[in-house]
Every structure is written in structure tokens, then in C-alpha cells.
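# Per-entry structural report
Listed below are the residues making up each chain.
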Amino acid sequence: MKKVSFAHMGYSYLGFQQLVEDMGFEAIVPPHPSRATLDRGVTYAPEYACIPFKMVLGTYLEVLERGAQMIITSGGVGPCRAGLYGMMHEKILRNLGYDFEIFIFDPPLTGIWTFFLKLRRVLKTAGVSWLAFVDIVRRAWAKLKLLDELEQTATVIRPYEINKGETTRLFHQCLKLVEQARSIKEITAAREECISLLKNIPQDRTRRPLKIGIVGEIYVLLEPFMNLDIEKTLGEMGVITHRSIYLTQYTTTDVLSHGAQDVRQLAHPYLNQFVGGHGQNSVGETILYARNGFDGVIQVAPFTCIPEIVAKSILPRVSRDFRIPVLSLTIDEQTGRAGVETRLEAFVDLLRQRREQREAKRDAALLFGY
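Nothing here was measured: the structure is a model prediction, and the numbers come from that model.

## Quick notes on the overall build of the chain
Helix and strand content of the chain: 15 helices and eight strands. Computed over the C-alpha atoms, the radius of gyration of the chain is 22 Å, within 12% of the 21 Å expected from 2.2 N^0.38 for a compact globule of 370 residues. Overall, the chain is about 75 × 45 × 35 Å in size when its C-alpha atoms are taken along their principal axes. Each of the 370 residues in the chain was classed as buried or not, and the buried ones make up 52%. For the chain, contacts bridging at least 24 residues in sequence account for 74% of all contacts bridging at least 6. Summed over its atoms, the accessible surface of the chain is roughly 17700 Å², and 55% of this surface lies on carbon and sulfur atoms.

See the structure below:
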């Protein structure tokens, strides 16, 4: 039985693990990213490669040492260098003496025939028919959708929790339930149990949490270790967060189609062309959050990420035009949790003061009739 692995990106590994195992492979589940993982990637990566490149490289080193024989990963298109990462990872790992097979899947719309030829090779290796594969994907997709839903539910509930940390504890309990669910019926049952667990957490609904949108590069948004648990940290500060990217949403809008056109149209007056990655999306989503009444936006970007550098240079103008505060956090291997938490605390304090000032002006207008 061939041993297959993949990159670790948030909680999606549970869906990918099921996909690989249902195809008849042995899944080498990548360990949760750690400082040791990053240090290994930094050792062999080019100095100015972004932190997702270094972390994924470190992850591949770990899974290859655990016996992985095949790696399945995604590619990319456009100015963003991520489209070359799979090729560069392979070259570095082979130079280090590792013997393995790698399949790099670019988005289907960039070359549908090439995509299906690669997929056919994988299915042939697995001995799985196209019909069986469709059913396998259906179950894995259901699990990935549930994982996204549970993350969103937790971020809405956490600011109201009475016992600090209870939402996070029950969320991880739910991850174990989702991991054990294999069929559509079991996944549906896990969903009902998990949603019930989360919604029954004791809450103080008299609180008035702030709402902050989070934009930026996909890997640092989806992987909690990379963004230093920004959603958990903000939630425990009394903030409802919403990410601009969830994996299943990204797959349907950016991988299987030509992107969220409404978001790109919003960005057009400020950034009228595709700059790769999620640069244009970061601008458009910030405008969308402003229109939807969010109190602020945080951009999370890897150091040296060109698309996010472009977006960062534009966001101050968007912030002024739409009167929404924007905080940009740049993440690299030197970034410390304490420093990030201090900046988040200051940003949240700023947003609270701003809301109080707005409400005071409104109350004065109502009282004095101006």
C-alpha cells in the first residue's frame, strides 16, 4: 500500500486524510506545524522565500521521514510565486537525497486536460475507477464543508462564552467527532452533535462584540500556527471574526471558477488587475467588510509576499475612503506571539473607542436634534 501525504493547512487535513484513505492509500498525516517544522524549512529554503514556502518544505521533510512515498500538492498561476513552489520543493528535497513521487495539481481551468491526465495517473496507481472517485470526493467534500462551518460557528460564539477557553475546548472535541465520521450519514450526525455542543456553551448575550474581517494570503489565514491563533486570540478579547477565505469557498470561487467577480469589481477602482495570490481579493474584501458594517479589518500577510505587498500599499486609501480602520500584520519566522498580541490589543482598544465616539455623537444628535 503506497504511503501518501500532503501539506498541513488548518483543519483541512481531516478531509484530505479521508480522501487519501478512501482511495486505498495509507495516509501519512502531516504533524501540526511547529517551531521545529519551520526551523527545518528555513534551513533549506531560499532566504527570501515566504514563510508558507518554508513551513511546507519543513512539513514535507517530516512526512518523508515518516515514510511517505507520494506527495500530492497544489500549484498556482499568475504573478504569485506559489505556482512554482511545488517544483522548487521537489528540487530541494531531491538534492537532499529523498526519493519520492510528487503530483502538483494546478487549477483545472488553467489546463483541464493536464489536470485530468495527472488525476488519471493517481487513480490508476490507487486502482480506483472514476465513478468510485466521484463518491470518494463527495464524502471528503462534505467533511471539509463541515470543518469550515464549525470554524465559523466557533468564531461567532467565542466572544460570548462565560468560561474562557470553553469554545476552543469543545471545538477540538468536535474535530475528533468529525475525524471518526466517514459516511455522509455519519458526517451529518457529527454536524448535528457538534453544532449542538457549540451552541449550548454558556454565553453572556448582553455583550456587544466588535466585528473584524480578516484578509490576506490563504496559507497564513487557514493555518492557526502561522497566524499565531489570531481568531482565537481576538475571540477571547471579545471580537467576532470572519475570514475572507475558507477552503471550500475558495475552491468553488477561485479554483473551479474564475474568482469572486463581485469582490474583484469592488477592488477595480483601486486595483484593476490580477496581481496573483489574493492581493486583489484583500482589497475587495476590505471594501465588502466596510459595507457590511464591520468595525475593522486585519490583513495577515507573509513577509515578501508580492500580491499582499501590493494590497498593503493600497489599503490605507481604502481605509480612508470607507472609514474603516485596517491593521496589516506581516508574518515571518522572526514574528513573536507577544508582539502580535500587543498590536491586536491596541487595535481592539482603538475600535472600541471609535465605536463609543460614534455612539456618543449619535446620542447627542438625537438629544439635541442635529
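## Focus: helix α7 (residues 166-180)
With 15 residues, α7 should reach 21 Å at 1.5 Å per residue; the first-to-last C-alpha distance of 22 Å fits that figure. Among the residues of α7, those classed as buried are Glu166, Thr167, Thr168, Leu170, Phe171, Cys174, Leu175 and Val178. Against α1 (13-22), α6 (130-157), α8 (184-199) and α10 (230-236) lie the buried residues of α7.

## Quick notes on the nonpolar core
Counting residues in hydrophobic clusters, the biggest one holds 88 residues, and the most contacted among them are Met23, Leu150, Leu234, Ile298 and Leu344. With 10 residues, the next largest nonpolar core counts Ala267, Val275, Ile287 and Ala311 among its residues.

## Side note on the pairing of strand β4 (residues 101-105)
With four of its five residues buried, β4 lies for the most part within the structure. In terms of handedness, the path from strand β3 (residues 70-74) via helix α4 (residues 85-95) over to β4 forms a crossover that is right-handed.

## Let's talk about the sheet that holds strand β7 (residues 296-302)
Taking strand neighbours across the sheet as the criterion, the four strands line up as β6-β5-β7-β8 in an open arrangement whose pairing is parallel. Looking along the sheet, the strands with just one partner apiece sit at the ends: β6 (239-243) and β8 (326-331). On average, adjacent strands in this sheet sit at an angle of 25° to one another, irrespective of strand direction. By the bridge criterion, six bridges tie β7 to β8 in an arrangement that is parallel. If you follow Val297 over to β8, its bridge partner there is Val326. Contacts from helix α15 (residues 337-368) reach β5 (210-216), β6, β7 and β8, with the element oriented near 175° to β8.

## Quick word on the packing of aromatic side chains
The full count for this structure, using the stated rule, is eight aromatic pairs. Between Phe115 and Phe116 the ring centres are 5.6 Å apart and the planes differ by 85°, which places this aromatic pair in the edge-to-face class. A network of ring pairs unites the aromatic residues Phe105, Phe115, Phe116 and Trp130 as a single cluster. Above the face of the Phe100 ring, Arg94 is positioned so that its terminal group lies 4.4 Å from the ring centre. Geometry around Phe294 places Lys211 over its ring, the cationic atom sitting 4.6 Å from the centre.

## Remarks on the packing of helix α2 (residues 35-44) against helix α3 (residues 51-65)
Contact pair α2 / α3: the axes reach a minimum separation of 7 Å and the direction vectors enclose 105°. Classified by the angle their axes make, α2 and α3 are roughly perpendicular. Across the interface between the two elements, Thr37, Leu38, Arg40, Gly41, Val42 and Tyr44 from α2 touch Ile51, Lys54, Met55, Leu57, Gly58, Thr59, Leu61, Glu62 and Glu65 from α3. Among the residues making up the contact of α2 with α3, the classes are represented as seven nonpolar, four polar and four charged.

## Thoughts on the pattern of salt bridges
This model, assessed by the stated rule, comprises 21 salt bridges. For the salt bridge of Asp295 with Arg358, the shortest nitrogen-to-oxygen distance reads 3.6 Å. Here Asp295 is found in the loop between α13 (279-291) and β7, whereas its partner Arg358 is found in helix α15, with 63 residues between them in sequence. Exposure remark for Asp295: the relative accessible area of 9% places this residue in the buried category. Counted as one network, the salt bridges with shared partners bring together Glu21, Asp22, Asp135, Arg138, Arg139 and Arg182.

## Structural notes on the state of the cysteines
Tallied over the full model, the rule gives zero disulfides. Cys50 forms no disulfide, and the closest cysteine sulfur to it belongs to Cys305, at a distance of 6.2 Å. What makes Cys50 buried here is its relative accessible area of 6%.

## A word on the pairing of β5
Within β5, six of the seven residues are buried, leaving the element largely enclosed by the surrounding structure. Pairing of β5 with β6 involves five bridges; the strand directions are parallel. Bridging across to β6, Ile214 finds its partner in Arg243. The sheet contact formed by β5 and β7 spans five bridges and is parallel. By the bridge assignment for β7, Val215 is matched with Gln299.

## Comments concerning the side chain of Thr248
Residue position: Thr248 is located in helix α11 (residues 247-255). Residue Thr248 is classed as buried on the basis of its relative accessible area, which comes to 11%. Of the polar contacts made by the side chain of Thr248, one reaches the side chain of Asp148; its length is 2.6 Å.

The rules we used
- Residues numbered from 1 in each chain as written.
- Predicted model: local features only at pLDDT ≥ 70, side-chain atom pairs only at ≥ 80, totals over all residues.
- Heavy atoms only, no water.
- Helix = DSSP H or I, 4+ residues; strand = E, 2+ residues; numbered from the N terminus.
- Rg over C-alpha atoms; globule rule 2.2 N^0.38 Å.
- Buried < 20%, exposed > 50% of the residue type's maximum accessible area, 1.4 Å probe, protein only.
- Contact = heavy atoms within 4.5 Å.
- Areas by Shrake-Rupley, 256 points an atom, 1.4 Å probe, with all protein chains shown as cover.
- Expected span 1.5 Å × (residues − 1).
- Core = buried A, V, L, I, M, F, W, Y, C linked by side-chain atoms within 4.5 Å.
- Right-handed = clockwise from strand over helix to strand, strands pointing away.
- Pairing = 2+ DSSP bridges.
- Axes fitted to C-alpha atoms, helices over the stretch in contact; angles between N-to-C directions.
- Phe/Tyr/Trp six-rings, centres within 6.5 Å; stacked < 30°, edge-to-face > 60°.
- Lys NZ or Arg CZ within 6 Å of the ring centre and 35° of its normal.
- Parallel < 35°, antiparallel > 145°, perpendicular 65-115°, else oblique.
- Nonpolar A, V, L, I, M, F, W, Y, C, P; charged D, E, K, R; others polar.
- Salt bridge = Lys/Arg side-chain N within 4 Å of Asp/Glu carboxyl O.
- Disulfide = S-S within 2.5 Å.
- Polar contact = N/O pair within 3.5 Å; in protein donor to acceptor, adjacent residues only side chain to side chain.

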